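What follows is the residue order along each chain.
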Amino acid sequence: MAGQKKERKGSAGCPFSKNDVIDLKIDDIGNEGEGIGHYDGYAVFVNNALPGDKIRALIMKVKKNYAFAKLLEIVNPSNLRVEPKCSISARCGGCNLQHMSYEGQLEYKENKVKNCLVRIGGYDEAYVNSIHEPIIGMTNPFNYRNKAQFPVQQTPDGQIAMGFYAGRTHRIIPTDNCNIQMDESNHIAKLVRMWMTEHNISAYDETSHTGLIRHVLTRIGKSTGQIMVCLVVTSKKVPHTDSLVDILLKETGMTCICLNINSEKTNRILGDKIIPLYGQPYIEDNIGDLCYRISPLSFYQVNPEQTVKLYNTALEYANLTGNEVVWDLYCGIGTISLFLAKKAKQVLGVEIVPEAINDAKVNAQLNGITNATFLTGAAETVAAQVAADELYKDIANPDVIVVDPPRKGCDSKLLETIVNVKPDKVVYVSCDPATLARDVKVLRENGYEMKKWRACDMFGMTGHVETCVLLCCTNS
Ligand code: SAH
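Just so it is clear, the model here is predicted, and its values are computed rather than measured.

1. Concerning the overall build of the chain
For the chain, the helix and strand inventory stands at ten helices and 22 strands. Over its C-alpha atoms the chain spans a radius of gyration of 24 Å, differing by no more than 12% from the 23 Å that the globule rule assigns to 476 residues. Overall, the chain is about 70 × 60 × 40 Å in size when its C-alpha atoms are taken along their principal axes. Carbon together with sulfur atoms contributes 48% to the accessible area of the chain, which is approximately 21000 Å² in total. Charged side chains in the chain number 52 positive and 54 negative. The centres of these two groups are separated by 5 Å.

Structure (structure tokens):
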């Protein structure tokens, strides 16, 4: 039926059914970077298709108001289209925008944030445009990731496969050359794979819950050259680790080799226990003029070139004079806290992962910073305690609060505490524009106005985007 409309069929008046082939003009792009075309008023989602593409597609799934289709042929390409660097990019779930020009990716990400602020945040589009600062792009959007987590599987013919999962599955698309990872990580994955093959070491099978190696985690200190390799395993009894250590030590910069034990039936990658095999249980890296210690279980931004730009934006938005009390909530290893501490009177960092707080305290010492305090716990609980407890009276009334939550955004209880302690400014750093906009709306309804926002591309070739927003108290 390519090119011609059929009688309405499929579910409730839908113009097509599963397995139909349709011609489609893509006119929009969805949250995950998928192309969206409209056919007889129906939205059709097509992976690897771009606005401006004219395509032929196979209908895979029909829902009430929309459908999913598979790209069969590009009849006429969009001018945003480029040749992907990876031959597997269409199958691998890691990069979903490699077929789009980098300029196109930046525009897409900026619009994504803008749309969320308007549609979810309830802001007027003209206002959102008027307070926007241009997205911070990368100089080279490839080989930027300092952290790789390669899943490991045994193929039906007994080979070891490492790579990345195909989109929305746990099926590995094997690769030795992921173009967004730093070269060292690809090389180490290959060495571990060869070591497993040589010694017949099993990969974990999540269906039967058997086998040993689940993931290979690598972290590279971009500015120090230090390398961490952590094998995520189901048992501490891993044979031939001496041989693995010998192989890895031939690599310049090898600083930390360890096991992480995860014996649970879970999608969570890391377990709680670290067993060192070689060296110290951490690496160090520099951001700007600060040095940070990073343990395997701690969060650390994955794109060093962009992290410094993001943190400088947060610092600029905080506009500190040296007299302020600042809270940095969801602080990880204290990276933003220590950036802010140089310009503030006192900083409080709060983070839920105890290992990260240990790193944060060491990091303050490493950098000679004495005006930062770190507390372990959920931001929503600790912030309320600090605000209420006499013990913390010196830091109970922050002038500025920085939040940098995970994708699910801030807990509503935390937003309540923020409104109660009434800082002059809230600097919201976010990796998910939808939850950012949701939280900005709540703050707006409670006396805060968004004054500036800026997106920063930390995740080139993927649909993800980081954003920094400044909110000011309107009735202080
Ligand atoms: N600002 C840091 C970390 C940001 S990532 C940086 O730039 O490196 C978000 C952090 O929030 C992670 O370290 C995660 O462990 C932590 N986290 C998740 N839920 C939390 C909660 N409820 N309370 C406090 N920290 C939390």
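Additional details are given in the paragraphs that follow.
2. Remarks on the layout of surface pockets
When its volume is computed, the second largest pocket comes out at roughly 430 Å³. Taken together, 17 residues make up the lining of the second largest pocket; nearest its centre are D28, I29, Y108, K112 and N115. Going through the elements one at a time, β1 (21-29) and α1 (102-119) are the ones with two or more residues in the lining of the second largest pocket. With eight residues, α1 is the single largest residue contributor to the lining of the second largest pocket. Classifying every residue of the lining of the second largest pocket by side-chain character gives eight nonpolar, five polar and four charged.

3. A word on the confidence of the model for the chain
Residues of the chain with pLDDT of at least 70 account for 97%, and the chain-wide mean is 95. Note that residues 1-8 has pLDDT below 50 and, in this model, 22 contacts with residues that lie over four places away or in other chains.

4. Here's the deal with the site of the ligand
Taken together, the neighbourhood of the ligand is formed by 17 residues, with Q301, Y311, E351, A379 and D404 sitting nearest. At 3.2 Å, a side-chain N or O of T335 approaches an oxygen atom of the ligand. Put simply, the parts of the chain that give the shell around the ligand at least two residues each are α6 (335-341) and α8 (379-388).

5. A look at the side chain of S89
Inspection of the secondary structure puts S89 in the loop between β5 (66-76) and α1. Setting aside anything within four residues of it in sequence, one finds S89 in contact with P84, C95 and Q98.

6. What to know about the environment of G52
Mapped onto the elements of the fold, G52 is located in the loop between β3 (42-46) and β4 (54-62). Between the alpha carbons of G52 and E34 there is a distance of 13 Å; along the sequence they are 18 residues apart. Among residues more than four places away in sequence, those in contact with G52 are K25, I26, N76, P77 and S78.

7. Remarks on the packing of aromatic side chains
On inspection of all chains with the given rule, the structure shows eight aromatic pairs. For the pair Y66 and F68, a centre-to-centre distance of 5.7 Å together with 90 degrees between the ring planes defines the contact as edge-to-face. F68 gets classed as partly exposed once you look at its relative accessible area, which sits at 33%. Look at Y311 and F339: their rings are 5.4 Å apart centre to centre, the planes differ by 75 degrees, and that puts the pair in the edge-to-face class. Taken as a pair, Y311 in helix α5 (residues 304-318) and F339 in helix α6 lie far apart in primary sequence, 28 residues in all. Residue F339 is classed as buried on the basis of its relative accessible area, which comes to 4%. What links up through ring pairs into an aromatic cluster is the set F16, Y39 and Y42. Over the aromatic face of Y282 sits the side chain of R293, whose NZ or CZ is 3.6 Å from the ring centroid.

8. What about the nonpolar core?
Core analysis: the largest hydrophobic core is formed by 135 residues, its most contacted members being M196, I213, L231, L329 and V427. With seven residues, strand β11 (residues 227-233) is the single largest residue contributor to this core. Lining this core are residues from two domains, each supplying at least three of them: domain 2 (147-287) and domain 3 (303-473). Each residue touching M196, except ones within four places of it in the same chain, is listed here: V152, I160, M162, I201, S202, A203 and I213.

9. Some points on the environment of K147
By the element assignment, K147 lies in strand β7 (residues 147-154). Under the relative-accessibility criterion, K147 is labelled buried at 17%. With 82 residues separating them in the primary sequence, K147 and V229 have C-alpha atoms 10.0 Å apart. Once residues within four sequence positions are removed from consideration, K147 is found in contact with Q181, L217, T218, R219 and V302.

10. Brief notes about helix α9 (residues 412-421)
Taken as a whole, α9 has its buried residues at L414, L415, T417, I418 and V421. Across the axial projection of α9, the buried residues extend over an arc of 160 degrees, all falling on one side. Facing away from the buried side of α9, by more than 90 degrees, are the exposed residues S412, E416 and N420. Buried residues in α9 make contact with β16 (325-329), α8, β19 (400-403), β20 (425-430), α10 (433-445) and β21 (448-456). The opening residue of α9, the one whose side-chain oxygen lies 2.8 Å from the backbone nitrogen of K413, is D411.

11. A closer look at the pattern of salt bridges
Across all of its chains, the model carries twelve salt bridges by this definition. Residue K109 pairs with D457 through a salt bridge whose shortest N-O separation is 2.8 Å. You can see K109 sitting in helix α1 and its partner D457 sitting in the loop between β21 and β22 (466-473), a full 348 residues away along the chain. Here D289 and K342 are joined by a salt bridge, their closest N and O atoms 3.0 Å apart. On the criterion of sequence distance, the pair formed by D289 in the loop between β14 (283-287) and β15 (290-294) and K342 in the loop between α6 and β17 (346-351) is long-range, its members being 53 residues apart. Judged by its relative accessible area of 63%, D289 falls in the exposed class. Judged by its relative accessible area of 44%, K342 is partly exposed.

Conventions we followed
Residues numbered from 1 in each chain as written. Predicted model: local features only at pLDDT ≥ 70, side-chain atom pairs only at ≥ 80, totals over all residues. Heavy atoms only, no water. Helix = DSSP H or I, 4+ residues; strand = E, 2+ residues; numbered from the N terminus. Rg over C-alpha atoms; globule rule 2.2 N^0.38 Å. Areas by Shrake-Rupley, 256 points an atom, 1.4 Å probe, with all protein chains shown as cover. Lys, Arg positive; Asp, Glu negative; His and termini not counted. Charge placed at Lys NZ, Arg CZ, Asp CG, Glu CD. 1 Å grid on protein atoms, 1.4 Å probe; cavity = no way out; pocket = protein on both sides within 12 Å on 5 of 7 lines; lining within 4 Å. Points joined across faces, edges and corners; volume = space filled by probe spheres on them. Nonpolar A, V, L, I, M, F, W, Y, C, P; charged D, E, K, R; others polar. pLDDT = per-residue confidence, 0-100. Contact = heavy atoms within 4.5 Å. Near = heavy atom within 4 Å. Polar contact = N/O pair within 3.5 Å; in protein donor to acceptor, adjacent residues only side chain to side chain. Phe/Tyr/Trp six-rings, centres within 6.5 Å; stacked < 30°, edge-to-face > 60°. Buried < 20%, exposed > 50% of the residue type's maximum accessible area, 1.4 Å probe, protein only. Lys NZ or Arg CZ within 6 Å of the ring centre and 35° of its normal. Core = buried A, V, L, I, M, F, W, Y, C linked by side-chain atoms within 4.5 Å. Domains from an automatic or database assignment. Arc of directions from axis to C-beta. Salt bridge = Lys/Arg side-chain N within 4 Å of Asp/Glu carboxyl O.

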